[in-house]
Amino acid sequence: MMKPRLAVHKFTSCDGCQLAILNMGEELLTLADLVDIVHFAEAGPVEPEAQVDIAIVEGSVSTPDELERIKRVRENSNCLITIGACATTGGIQALRNHQDSSQWVSDIYPQAQFIQSLNTSTAIREHVRVDFELWGCPVNSRQVKAMLRSLLFGVSPIDEKSSLCLECKRQQNPCVVVTKQEPCMGPLTRTGCGALCPHFGKACFACYGPSETVNSHSLVKRYQGFGVSKEDMIRRFNHIQNNAAAYKESVINIARNFDE
Amino acid sequence: MDLYYLPRSGFSQLIDVLRNHAETIMVPKAQDGAMVFSELDPGEEIEAGWQEVQDAGRYSLEKTESPRWFKWATGPQALKPIVYPPREALWRVEKQGITFESVPESVPATAIIGVRACDLAALSLLDKHFLGSQFPDTAYKSRRDSLFIVAVDCARSAATCFCVSTGDGPSATQGFDIALSELEDGFVLRSGSARGESLLKGFSRANERQITLSEKQVDQAISMQTRQLPAQDLRSLINKSLESDAWEAIAARCLSCGNCTSVCPTCFCHSESALAELDGSSSTQYREWDSCFTQSHSYIHGIVIRSETATRYRQWFTHKLANWHEQYGRSGCVGCGRCISWCPVGIDITQEVATLNGN
């Protein structure tokens, strides 16, 4: 039987999510036995136009070239999986969506005519059909392996979307909200990271994006009681996952209702 | 009942006899801002003076000058993670030949010192759930059988405690091997099992003064409790409130985060998932704590039955306070107050009952 063919494509991103594949250690060799890795520039093989069974896409769409390239990736793949915050919501660079970013380009670069950039940074889902999204900034090897194993078994990967609190409690970390009045984003953030920050006594900063239920009104009111300012609160949502719908809506609501 | 006395300076005698029965001894320690049970290293002593301030959504430790080791009332967890770990492997399957095997776990005999009356009430409910059916849970049973429990009567209640109203505290009445009542200078001890009694036999008897002091401080813990649940069975109140507006009002505050169910010493809901090796040659089935506040908890045949927070909170509340009567012969609430303290937004179950009751 022919092995499934796999491609890893990079769009606008820091390359950090691809490390979740590269850092698999010995299991990277296992993966290479299970699939033909036909395109993965960061690891070596370069064949961007190859027909594949599984295309893993890192990064957001932020250039005119990427607008076209993502369509070809979609046409060339049976199954398209996005990994990481950039590919699933537009990434930290989506902060420019609310600004006049062409002005930034001309302010920063001496010869701005060489910069081909869109005014927005957007999720892959906004351009082509996506079969599954792996959230996180960055995603980790555990997530990537579980996703690939599911696909190889022919079943849908599990979407981990319950609140980070559940994982944090499973690790028995005393809650930083309750013990230290830290404005932790855990109750509104999906699990997947292993509750890394709270495990070290730090408030979650929502790098995994919205959990399935986001009641930001209630939590923001609570943190307002801790003395967190409106600007600080907005920044906590306007961060890595700023373009995620539930967080965008939260920012609008905070801007409107915070002082009530 | 025979009551014994052990001066604080002689407590190591009790530790020594416990070491003959238990490989591991767990004691309360202040860690990351909360009292948690952790292994006592040889030569290590229990730290004195810690007490906590609890309120809705609030828990803070403070170190006092007191010589007492058990001045605190509750920590975020007690026995639940010990008998029912947050995540555990149940069984494994090998693809070659399709063979199944259970995942064995070696459980060391464990003595745990500092268990409260509410925790014991919760343990007896977990026993009913995991062991009470025709098919007892073997993993739970082996951990349960390995426990030697040293309980402590509460001399103080936290502001979130309401065990008096649920009938579960503040002094230990069942489910322990040895119970302590801590005085300034030592401990009044009593046994609750034959093996507990055999350990205590060599100790000297408590005198009248020590016994009176220990009784008085239980009265003090009782008088400190300000929260309560109504004394009556709440089934009829809850059943006639299923369509109440109260659920939406709670949902406006509730985050659906599942902290309450995680800290609840009687919540036992779990999910199971398979974790396969990348090469697909084998797979391990895991069980982990889940919550009725997740979508997947009520996902059946393509539909999330309880898609809204209001219905999820109602599910938790009605199960805990009403349906447990049918299932386990009593309410599922033991009055420990953990769901109040550890709710990030401070939702108070006693207040929500009062609201439903028209107060």
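Shown above is the structure to which this text applies.
In this numbering scheme, every chain counts its residues from 1 along its sequence in written order. The lettering of chains begins at A and the numbering of ligands begins at 1, in the order of writing. Side-chain atom pairs in this predicted model are given and counted only at pLDDT of 80 or more, local residue features only at pLDDT of at least 70, and totals for whole chains, interfaces and linings cover all residues. Side-chain numbers here rest on the full set of heavy atoms in the structure, without hydrogens or water.

1. A few points about the overall build of chain B
Next, step 1: Looking only at helices and strands, chain B features 13 helices and 16 strands.
Next, step 2: Computed over its C-alpha atoms, the radius of gyration of chain B comes to 22 Å, within 12% of the 21 Å expected for a compact globule of 359 residues.
Next, step 3: Structurally, chain B occupies a C-alpha span of about 65 × 60 × 35 Å along its principal axes.
Next, step 4: Only protein chains enter the calculation, and the probe is 1.4 Å; a residue is then buried if its accessible area is under 20% of its type maximum, exposed if over 50%, and partly exposed in between. The proportion of buried residues among the 359 residues of chain B is 57%.
Next, step 5: Of the accessible surface of chain B, which amounts to about 15400 Å², a share of 50% is contributed by carbon and sulfur atoms. Secondary structure counts use DSSP, requiring at least four H or I residues in a row for a helix and at least two E residues in a row for a strand, with both numbered from the N terminus. Two things to know: the radius of gyration comes from C-alpha atoms, and the globule rule equals 2.2 Å times the number of residues to the power 0.38. Here the Shrake-Rupley method, with its probe set to 1.4 Å, supplies the accessible areas, and only the displayed protein chains count as covering residues.

2. Quick word on the sheet that holds strand β8 (residues 110-115) of chain B
Residue and element names in this part refer to chain B.
Next, step 1: DSSP bridges decide pairing: two strands pair if at least two such bridges lie between them. Taking strand neighbours across the sheet as the criterion, the eight strands line up as β3-β2-β8-β9-β10-β11-β1-β12 in an open arrangement whose pairing is mixed. Edge positions in the open sheet fall to β3 (34-39) and β12 (204-205), since each of these has one partner strand only.
Next, step 2: By the bridge criterion, three bridges tie strand β9 (residues 147-152) to strand β10 (residues 178-182) in an arrangement that is parallel. For alanine 151, the partnering residue across the bridge sits in β10 and is alanine 179.

3. Here we look at the sheet that holds strand β5 (residues 132-134) of chain A
Residue and element names in this part refer to chain A.
Next, step 1: In spatial order, the strands read β2-β1-β3-β4-β5; together these five strands make up an open sheet with parallel pairing. This sheet does not close on itself; its edge strands, each paired only once, are β2 (36-40) and β5. Direction aside, neighbouring strands of the sheet carry axes that sit 20° apart on average.
Next, step 2: Relative to strand β3 (residues 52-58), strand β1 (residues 5-10) runs parallel, the two sharing five bridges. The partner of valine 8 across the bridge, within β3, is isoleucine 56.
Next, step 3: Together, β1, β3 and β4 (77-83) form the strand contacts of helix α3 (residues 64-75), whose direction differs from that of β4 by roughly 130°. For helices, the fitted axis covers only the stretch in contact; all axes are lines through C-alpha atoms, and the angles between them, taken along N-to-C directions, range from 0 to 180 degrees. The criterion used for residue contact is that any of the two residues' heavy atoms lie within 4.5 Å.

4. A closer look at helix α12 (residues 245-257) of chain A
Residues and elements named next belong to chain A.
Next, step 1: Every helix has an expected span of 1.5 Å times one less than the residues it contains. If you check α12, its first and last C-alpha atoms are 18 Å apart, about what 13 residues at 1.5 Å a residue would give, namely 18 Å.
Next, step 2: Burial in α12 covers these residues: Tyr247, Ser250, Val251 and Ile254. Axial view of α12: buried residues confined to an arc of 100°, hence all on one face. In α12, the exposed residues that point more than 90 degrees away from the buried face are Ala245, Glu249 and Arg256. The arc in question is the one traced by the directions running from the helix axis out to the C-beta atoms.

5. Some thoughts on the packing of helix α11 (residues 230-237) of chain A against α12(A)
Residues and elements named next belong to chain A.
Next, step 1: Axis separation between α11 and α12 bottoms out at 9 Å; the angle between their running directions is 170°. Between α11 and α12, the angle falls in the class roughly antiparallel. Between α11, through Lys230, Met233, Ile234 and Phe237, and α12, the contact on the second element is made entirely by Tyr247, Ser250, Val251, Ile254 and Ala255.
Next, step 2: In the scheme used here, Gly and all other residues not listed as nonpolar or charged are polar, with Ala, Val, Leu, Ile, Met, Phe, Trp, Tyr, Cys and Pro taken as nonpolar and Asp, Glu, Lys and Arg as charged. For the contact of α11 with α12, a count of residues per class yields seven nonpolar, one polar and one charged. Note on terminology: angles under 35 degrees are roughly parallel, angles over 145 are roughly antiparallel, angles of 65 to 115 are roughly perpendicular, and the others are oblique.

6. Looking at the packing of aromatic side chains
Next, step 1: Any two rings among Phe, Tyr and Trp, with Trp reduced to its six-membered ring, count as a pair given centres within 6.5 Å; such a pair is stacked if its planes are under 30 degrees apart, edge-to-face if over 60, and tilted if neither. Taken as a whole and judged by the stated rule, the model has 22 aromatic pairs over all chains.
Next, step 2: When the centroid spacing of 5.3 Å and the interplanar angle of 75° are considered together, the rings of B:Trp247 and B:Phe317 count as edge-to-face. A residue pair is termed long-range when its members are at least 10 positions apart, and B:Trp247 in helix α9 (residues 246-253) and B:Phe317 in helix α11 (residues 309-328) qualify at 70 residues.
Next, step 3: When its relative accessible area of 3% is taken as the criterion, B:Trp247 is described as buried.
Next, step 4: A residue is classified by how much of its surface remains accessible, and B:Phe317, at 1% relative accessible area, is buried.
Next, step 5: Members of the aromatic cluster, each reached through a chain of ring pairs, are B:Trp247, B:Phe293, B:Tyr313, B:Trp316 and B:Phe317.
Next, step 6: Both a distance and an angle decide whether a charge sits over a ring: NZ of Lys or CZ of Arg must be within 6 Å of the ring centre and within 35 degrees of the ring normal. For A:Arg69, the ring lying beneath its charged end belongs to A:Phe11, and the centroid distance is 4.0 Å.
Next, step 7: The ring of B:Trp69 is capped by B:Arg8, whose NZ or CZ atom sits 5.0 Å from the centre of that ring.

7. Some thoughts on the pattern of salt bridges
Residue and element names in this part refer to chain A.
Next, step 1: Salt bridge, as used here: a side-chain nitrogen of Lys or Arg that lies within 4 Å of a carboxyl oxygen of Asp or Glu. Counted according to the given criterion, the structure contains 38 salt bridges over all chains.
Next, step 2: Ionic pairing is found between glutamate 49 and arginine 72, a salt bridge with its closest N-O pair at 3.2 Å. Note that glutamate 49 is positioned in the loop between β2 and β3 and arginine 72 in helix α3, a separation of 23 residues in sequence.
Next, step 3: Of the residues examined, glutamate 49 reaches a relative accessible area of 44% and is grouped as partly exposed.
Next, step 4: Its relative accessible area of 34% is what places arginine 72 among the partly exposed residues.
Next, step 5: Note that arginine 190 and aspartate 159 form a salt bridge whose closest N and O atoms lie 3.1 Å from each other. Pair noted here: arginine 190 is in the loop between α8 (176-180) and α9 (196-199) and aspartate 159 is in the loop between α6 (141-153) and α7 (164-170), with a separation of 31 residues, a long-range link.

8. Observations regarding the pairing of strand β4 (residues 50-55) of chain B
Residues and elements named next belong to chain B.
Next, step 1: Two elements, β4 and strand β5 (residues 58-63), share six bridges in a ladder whose sense is antiparallel. By the bridge assignment for β5, tryptophan 50 is matched with lysine 63.
Next, step 2: Counting the residues that bridge the hairpin from β4 to β5 gives two residues, and of these glycine 57 lies at a positive phi of roughly 70°.

9. Considering unusual backbone geometry
Next, step 1: Cis geometry marks the peptide bond from A:Cys137 to A:Pro138, where omega comes out at -5°.
Next, step 2: Within the secondary structure, A:Pro138 is located in the loop between β5 and α6.
Next, step 3: Cis rather than trans, the peptide bond between B:Gly169 and B:Pro170 has omega equal to 5°.
Next, step 4: One non-glycine residue, A:Gln181, lies in the positive phi region at around 55°.
Next, step 5: The residue A:Gln181 is located in the loop between α8 and α9 in this model.

10. Overview of the side chain of A:His39
All names here are of chain A.
Next, step 1: Following the sequence through the fold, histidine 39 ends up in strand β2.
Next, step 2: When its relative accessible area of 7% is taken as the criterion, histidine 39 is described as buried.
Next, step 3: Reaching out from histidine 39, the side chain makes a polar contact with the backbone nitrogen of glutamate 47 at a distance of 3.0 Å.
Next, step 4: Residues contacting histidine 39, with those up to four places away along its chain left out, are Leu6, Ala7, Val8, His9, Pro45, Val46, Glu47 and Pro48. For this analysis, a polar contact is any N or O atom pair within 3.5 Å, provided that within protein one partner can donate a hydrogen and the other can accept it, and provided that sequence-adjacent residues contribute only side-chain to side-chain pairs.

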